[in-house]
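Residue strings, one per chain:
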Amino acid sequence: MMKTTRLALVLLLAAAASGLHAQTVLTRRVINDGKGIDYDPQIVLSEGGNYAVIWGRDVKNDKAVIYGRLVGTDGATKGSQRSNLLGAHHYRWTSFATGHRPTGGFLLAGSDWQSGSLATRPFDQKLRAQGPATTSLGFGFDPAMTAGGYGFVISWVGPASTCYAQMIDTRGQAASDRITITAADKKSFFDPRRVVATPSGDYLVAGVETKSDYSAARAGGATVRSGFDPSAKVFAYDTSFFSEDNGVDAAFDGKAGVVFYHHQKSSAEIAAFRRSLKSDGKPSGAGKKFPAGGSKWTSSYRVVPLTGTDSFVVSWDDPNAGHVYLQKINSSGTPLGTPLAVTENAYRHPTGVTDMVWDAESQRLLAVWTEYVSETSHNTHVYLGTISIPTD
């Protein structure tokens, strides 16, 4: 009798502990019209509990148009979708970036298809452009940026595949001298994927270092000092150069930092890792496979901090299972709860979750991704998911 009672108590405590970290999808909602091939949705705080979801749409001849729509933390849309946010065609095969403006609204950065210049354009809380796009930063593509100082720290690829970083104001104008980010390997160039503020008061630019002949690549990062020293040099996250399917994402919360990256290990496997970061963004300790015991094809990682909790949420794509998953982890990488399937329609998503944001006030995670409108259609829906993530 005593053993039975003790076993029941153990099971009850285990169930209660599991419930503390239960992650739940509250809503899934399509927020675009599904009339085009839409891609790479991003979500950024606008103001007053509202967020802006920004995405690209294929046009033709390497052209794209940037769309957007306001949403709430309950998953509801606020007004209709809007097009041509950049005010010009965006170059389809390059990324664009968004960042919340301290004065409200957000800043959009992309590559002007016609001129090749890096274009920036500010928006207010209601998704209204605050003037035309400007191209004062010159030729550039693949921007990544984060809030810094009274504006933003932005990194991009300029002429001759040179990577730059610079402080810009809330309207996208230069507010400091630009610095050069130099690849560790002399026969490589560096492409930024994420810019985040570090606990040391500096900035980490995480990206991919690629051989000049495009034969191999590896995940890496560079520390941009707050004083904007003339240059910064890339340090490697991955152990070596590998071919194809390289990706990287990084985040900090308080003193804790983490980076996720993956590479093509063989024709039958993608290797994915988590690695802790020092306060300046440099790697600490060896990379560890993530998720432990997962499939051999996990990729497309995105990680965001649950602000003030010393923990993170990481998402990934698992083509074998046919779904996109997310999971809460602590600063040591220990999973808190079981992986949660974010997608409802199996094998319909071209990539994983492309962006996430934690809304501390509502205690909800907002995630965006794309799915094919149907099994036979090339058009895509932009999905917004609201997810409950317990912070206890």
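The structure displayed is predicted, hence computed values, not measured ones. Every residue gets a number counted from 1 within its own chain, in the order that chain's sequence is written. A pLDDT threshold of at least 70 governs which residues receive local features in this predicted model, and a stricter bar of 80 or more applies before side-chain atom pairs are shown or counted, although totals over entire chains, interfaces and linings include all residues. Based on all heavy atoms of the structure, the side-chain values leave hydrogens and waters out of the count.

K.L.:
Help me understand the overall build of the protein chain in this model?
P.N.:
Here a helix means four or more residues in a row that DSSP labels H or I, a strand means two or more in a row labelled E, and each is numbered from the N terminus. Regarding its fold elements, the protein chain presents one helix and 29 strands. Radius of gyration here is computed from C-alpha atoms only, and the compact-globule reference equals 2.2 Å multiplied by the residue count raised to the power 0.38. On C-alpha atoms alone, the protein chain measures out to a radius of gyration of 21 Å, which is about the 21 Å that the 2.2 N^0.38 rule sets for 392 residues. Across the protein chain, every contact between residues at least 6 apart in sequence was considered, and the portion connecting residues at least 24 apart equals 48%. Accessible surface, the protein chain as shown: approximately 16700 Å² in total, 50% of it carbon and sulfur. Between the averaged position of the 39 positive side-chain charges in the protein chain and that of its 35 negative side-chain charges there is a distance of 2 Å. Residues count as neighbours in contact if any of their non-hydrogen atoms are within 4.5 Å of one another. Each accessible area value is a Shrake-Rupley result obtained with a 1.4 Å probe; residue values ignore everything except the protein chains displayed when judging cover. A positive count includes Lys and Arg, and a negative count includes Asp and Glu. His and the chain ends are not counted in either. Charge positions are represented by NZ for Lys, CZ for Arg, CG for Asp and CD for Glu.

K.L.:
So what exactly am I meant to see when it comes to the sheet that holds strand β19 (residues 247–253) here?
P.N.:
Whenever strands of a sheet pair, they do so through backbone hydrogen bonds, lying parallel or antiparallel. Here four strands make up an open sheet; going across it, the order is β19-β20-β21-β22 and the pairing antiparallel. With one partner strand each, in any of the chains shown, β19 and β22 (283–289) form the two edges of the open sheet. Put simply, the sheet's adjacent strands are angled 20° from each other on average, direction ignored. Two strands qualify as a pair provided that DSSP identifies no fewer than 2 bridges between them. Sheet analysis places strand β21 (residues 269–277) next to β22, joined by four bridges and oriented antiparallel. Each residue of the ladder has a partner; that of Leu277, found in β22, is Pro283. Every angle, taken between N-to-C directions, lies between 0 and 180 degrees, and every axis is a line fitted to C-alpha atoms, over only the stretch in contact when it is a helix.

K.L.:
Help me understand the sheet that holds strand β25 (residues 323–330) in this model?
P.N.:
Spatially, four strands are ordered β23-β24-β25-β26 in an open sheet, and the strand pairing comes out antiparallel. The sheet is open, and its two borders are formed by β23 (299–306) and β26 (335–341), each paired with just one other strand. Within the sheet, the average angular offset between the axes of one strand and its neighbour, ignoring direction, is 20°. With eight bridges joining them, strand β24 (residues 311–318) and β25 adopt antiparallel strand pairing.

K.L.:
For this particular structure, what's the right way to read the side chain of Asp124?
P.N.:
By the secondary structure assignment, Asp124 is in the loop between β9 (118–123) and β10 (141–148). Here the side chain of Asp124 touches Arg128 through a polar contact of 2.7 Å, side chain to side chain. Beyond its immediate sequence surroundings of up to four residues, Asp124 is in contact with Ser46, Arg101, Gly105 and Gln130. Residues adjacent in sequence count toward polar contacts only when both atoms are side-chain atoms; beyond that, a polar contact is any pair of N or O atoms within 3.5 Å, and within protein one must be able to donate a hydrogen and the other to accept it.

K.L.:
Any chance you could explain the environment of Pro335 here in plain terms?
P.N.:
Checked against the element boundaries, Pro335 lands in strand β26. Sequence separation of Pro335 and Val314 is 21 residues, and the distance between their C-alpha atoms is 9.9 Å. Excluding residues that lie within four positions of it along the chain, Pro335 makes contacts with Gln327, Lys328 and Ile329.

K.L.:
Would you take a moment to explain the packing of aromatic side chains for this structure?
P.N.:
Side-chain rings of Phe, Tyr and Trp (the six-membered ring for Trp) are treated as a pair once their centres are within 6.5 Å; stacked means planes under 30 degrees apart, edge-to-face means over 60, and tilted covers the remaining angles. In total, this model carries 15 aromatic pairs according to the counting rule given. Centre to centre, the rings of Trp156 and Tyr164 are 5.7 Å apart; their planes meet at 40°, and the pair counts as tilted. Here Trp156 matches Tyr164 in class, with each residue buried. Ring pairs connect the aromatic residues Phe260, Phe290, Tyr301, Trp316 and Tyr325, which therefore count as one cluster. Sitting above the plane of the Tyr67 ring, Arg57 keeps its charged end 4.4 Å from the centroid. Any Lys NZ or Arg CZ that is within 6 Å of a ring centre and within 35 degrees of that ring's normal is treated as a charge sitting over the ring. Its guanidinium or amino end placed over the ring of Phe241, Lys211 lies 4.4 Å from that ring's centre, counting from NZ or CZ. Residue exposure (1.4 Å probe, protein chains only): buried if accessible area is under 20% of the type maximum, exposed if over 50%, otherwise partly exposed.

K.L.:
Where do I start with the pattern of salt bridges in this structure?
P.N.:
For this analysis, a salt bridge means a side-chain nitrogen from Lys or Arg found within 4 Å of a carboxyl oxygen belonging to Asp or Glu. Evaluated as defined, the whole model comprises ten salt bridges. Asp124 is the salt-bridge partner of Arg128, the closest N and O atoms lying 2.7 Å from each other. Judged by its relative accessible area of 44%, Arg128 falls in the partly exposed class. With relative accessibility at 9%, the residue Asp124 sits in the buried group. Taking the shortest distance from any N to any O, the salt bridge between Asp355 and Arg302 comes out at 2.8 Å. Note that Asp355 is positioned in strand β27 (residues 355–359) and Arg302 in strand β23, a separation of 53 residues in sequence. On the basis of relative accessibility, which here comes to 6%, the residue Asp355 falls in the buried class. What you see here is one network of salt bridges that share partners, running through Arg194, Asp249, Arg302 and Asp355.

K.L.:
Whenever I open this one, the confidence of the model for the protein chain confuses me. Can you help?
P.N.:
As a note on interpretation, predicted positions should not be read in detail where pLDDT is low. Taken as a whole, the protein chain shows an average pLDDT of 90; of its residues, 94% reach a score of 70 or greater. A residue's pLDDT is the confidence the predictor assigns to it, expressed on a 0 to 100 scale. Model confidence for the protein chain, summarised as mean pLDDT per element, is weakest for helix α1 (residues 2–20) at 38 and strongest for strand β4 (residues 63–72) at 98. Confidence drops under pLDDT 50 across residues 1–20; counting only partners more than four residues distant or on other chains, this segment forms two contacts.

K.L.:
Is there a simple way to explain unusual backbone geometry in this structure?
P.N.:
Note on backbone geometry: most residues besides glycine have negative phi, and most peptide bonds are trans. Note that the residue after Phe290, namely Pro291, is joined by a cis bond; omega there is -5°. For Pro291, the position within the fold is in the loop between β22 and β23. Of note, the phi angle at Tyr214 is positive, near 65°, even though the residue is not glycine. Among the structural elements, Tyr214 can be located in the loop between β15 (203–211) and β16 (217–224).

K.L.:
Mind showing me how you'd approach the nonpolar core here?
P.N.:
Inside soluble globular proteins, nonpolar side chains tend to come together where they are buried. To qualify as a nonpolar core, a set must consist of buried Ala, Val, Leu, Ile, Met, Phe, Trp, Tyr and Cys residues joined through side-chain atoms within 4.5 Å. Counting 17 residues, the largest nonpolar core has Val313, Leu326, Val353, Met356, Leu365, Ile387 and Ile389 as its most contacted members. Listing elements by their share of this core, those giving two or more residues are β23, β25, β27, β28 (364–372) and β29 (380–388). Tallying contributions element by element places β28 first for this core, with three residues. Leaving out residues up to four positions away in the same chain, Ile389 has contacts with Gln23, Leu306, Val313, Leu326, Lys328, Trp358, Gln363 and Leu365.

K.L.:
What exactly am I supposed to notice about the environment of Lys186 here?
P.N.:
Mapped onto the elements, Lys186 comes out in the loop between β13 (179–182) and β14 (188–197). Judged by its relative accessible area of 86%, Lys186 is exposed. Once the C-alpha coordinates of Lys186 and Lys211 are considered, the two residues, 25 residues apart in sequence, prove to be 8.9 Å apart.

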